[in-house]
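Residue strings, one per chain:
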Amino acid sequence: MKNSPEPTVVVRRIPVWKQLLSPEQQIAMVEDLRGVVKAAPLFSPVTPSGKEMSVRMTSAGKFGWVTDRRGYRYEPKHPSGAPWPEVPESVLDVWRTVSGYDRDPESCLVNFYGTDAKMGMHQDKDEADFNAPVVSISLGDAALFRIGNLERGGKTESIWLESGDVCVIGGEARLLYHGIDRIRPGSSSLLPNGGRINVTMRVVT
DNA sequence: TAGTAGCA
DNA sequence: GCCT
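Residues numbered from 1 in each chain as written. Chains lettered and ligands numbered in written order. Predicted model: local features only at pLDDT ≥ 70, side-chain atom pairs only at ≥ 80, totals over all residues. Heavy atoms only, no water.

(A) Just the overall build of chain A, in detail. Looking only at helices and strands, chain A has two helices and 13 strands in total. The C-alpha radius of gyration computed for chain A amounts to 16 Å, which stays within 12% of the reference 17 Å derived for 205 residues, consistent with globular compactness. Overall, chain A is about 40 × 40 × 35 Å in size when its C-alpha atoms are taken along their principal axes. Counting only residues that meet the buried cut, chain A has 52% of its 205 residues in that class. Averaging the locations of the 25 positively and 25 negatively charged side chains of chain A gives two centres separated by 6 Å. (Helix = DSSP H or I, 4+ residues; strand = E, 2+ residues; numbered from the N terminus. Rg over C-alpha atoms; globule rule 2.2 N^0.38 Å. Buried < 20%, exposed > 50% of the residue type's maximum accessible area, 1.4 Å probe, protein only. Lys, Arg positive; Asp, Glu negative; His and termini not counted. Charge placed at Lys NZ, Arg CZ, Asp CG, Glu CD.)

See below:
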């Protein structure tokens, strides 16, 4: 992969590389992610308030992000008790290309969005060190990504993230509220059954 | 409040 | 899209 290319666009201090991954790289990554899901099956997380999230998720790496009535946190094992699988090399390559960070990620969260899935506005703040960025990879159907402010409320900006796009949430943007408003069904043929995969990598400790 | 529904 |  190219070394530290310039981002295509920057939205609210979040750099976005459109089509950083070629179609061939996207296909290979999806194949790697199928291996992750086989070892650590997708589950439907429940928020601390007891509501089921519309995305299904799993993780790879040393820690995986989970939520249930006990709260949001990183855990060293899948809810089944099995250890999380290794982060695929294809995914790590993206981190090393765009993160600008020395340490490798300790957590790789894999979120699957069906046609109707959404993600409400939130901050990523379950990590110990906000100096490390969050790197996000989009695969499959396009998603409307909304970026807000350091506190709830106020004006927001949106951008469509398409298959192969990568963005980095770091620096001054690290704690911005953000979310996914909707998925555009049929916008990609990468996933035979449609939907979107979002892969996010983080340093957790 | 990593949620939802309702109205326009 | 805006509101909560």
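Next comes the rest of the description.
(B) Structural view of the pairing of strand S3 (residues 56-61). With respect to burial, S3 is a largely interior element, five of its six residues being buried. Direction of pairing for S3 relative to strand S6 (residues 107-113): antiparallel, over a ladder of six bridges. Note that in S6 the partner of Gly61 across the bridge is Ser107. (Pairing = 2+ DSSP bridges.)

(C) View of unusual backbone geometry. Positioned with a positive phi, Arg13 is a non-glycine residue whose angle comes to about 70 degrees. Looking at the secondary structure, you find Arg13 in the loop between strand S1 (9-11) and strand S2 (14-17).

(D) The arrangement of the protein's contact with DNA strand B in detail. Close contacts around DNA strand B come from Thr47, Ser49, Met53, Trp65, Tyr72, Lys118, Met119, Gly120, Met121, His122, Asp126 and Arg152, and that covers them all. Counting only the atoms of DNA strand B that lie within 4 Å of the protein, the sugar and phosphate share comes to 62%. Taking Arg152, its side chain carries an N or O atom lying 3.3 Å from a phosphate oxygen of DNA strand B. For the surface near DNA strand B, the leading source of residues is strand S7 (residues 119-122), giving four residues. Of the residues contributing to the surface near DNA strand B, the split by class is five nonpolar, four polar and three charged. (Near = heavy atom within 4 Å. Polar contact = N/O pair within 3.5 Å; in protein donor to acceptor, adjacent residues only side chain to side chain. Nonpolar A, V, L, I, M, F, W, Y, C, P; charged D, E, K, R; others polar.)

(E) The state of the cysteines, seen in detail. In this structure the tally under the stated criterion is zero disulfides. In this structure Cys108 is not part of a disulfide, and its nearest cysteine sulfur, from Cys167, lies 14 Å away. (Disulfide = S-S within 2.5 Å.)

(F) Representation of helix H2 (residues 89-98) within the structure. Most of H2 sits inside the fold, with seven of its ten residues counted as buried. On its buried side, H2 packs onto S2, helix H1 (23-39), S6, strand S8 (134-140), strand S11 (166-169) and strand S13 (196-202). (Contact = heavy atoms within 4.5 Å.)

(G) The arrangement of the packing of H1 against H2 in detail. Contact geometry of H1 with H2 gives a least axis separation of 8 Å together with a crossing angle of 120 degrees. Considering the angle they form, H1 stands oblique to H2. For the pair H1 and H2, the contacting residues are Met29, Asp32 and Leu33 in the first and Ser90, Val91 and Val94 in the second. Residues of the contact of H1 with H2, tallied by class, amount to four nonpolar, one polar and one charged. (Axes fitted to C-alpha atoms, helices over the stretch in contact; angles between N-to-C directions. Parallel < 35°, antiparallel > 145°, perpendicular 65-115°, else oblique.)

(H) Representation of the sheet that holds S1 within the structure. Read from one edge to the other, the open sheet built from seven strands follows the order S1-S2-S11-S8-S13-S6-S3, with strand pairing classed as antiparallel. Either end of the sheet is taken by a strand with one partner, and the two such strands are S1 and S3. The mean inter-strand angle of the sheet, taken between neighbouring strand axes irrespective of direction, is 20 degrees. Bridge count between S2 and S11: two bridges; the pairing is antiparallel. Its bridge partner lying in S11, Val16 is registered against Cys167. Against the sheet, H1 makes contact with S3, S6, S8 and S13, and its axis sits at roughly 105 degrees relative to S8, the strand it touches most. Strands S2, S6, S8, S11 and S13 of the sheet are contacted by H2, whose axis makes an angle of about 60 degrees with S13.

(I) Focus on H1. Between its first and last C-alpha, H1 extends 25 Å over 17 residues, near the 24 Å set by a 1.5 Å rise per residue. Three or more residues of H1 are buried, namely Gln26, Met29, Val30, Leu33 and Val36. The buried side chains of H1 occupy one side of the element, clustering within an arc of 110 degrees when seen end-on. With respect to the buried face of H1, the exposed residues turned more than 90 degrees away are Glu24, Ile27, Glu31 and Lys38. (Expected span 1.5 Å × (residues − 1). Arc of directions from axis to C-beta.)

Limitation: the analysis is restricted to geometry and does not speak to function.
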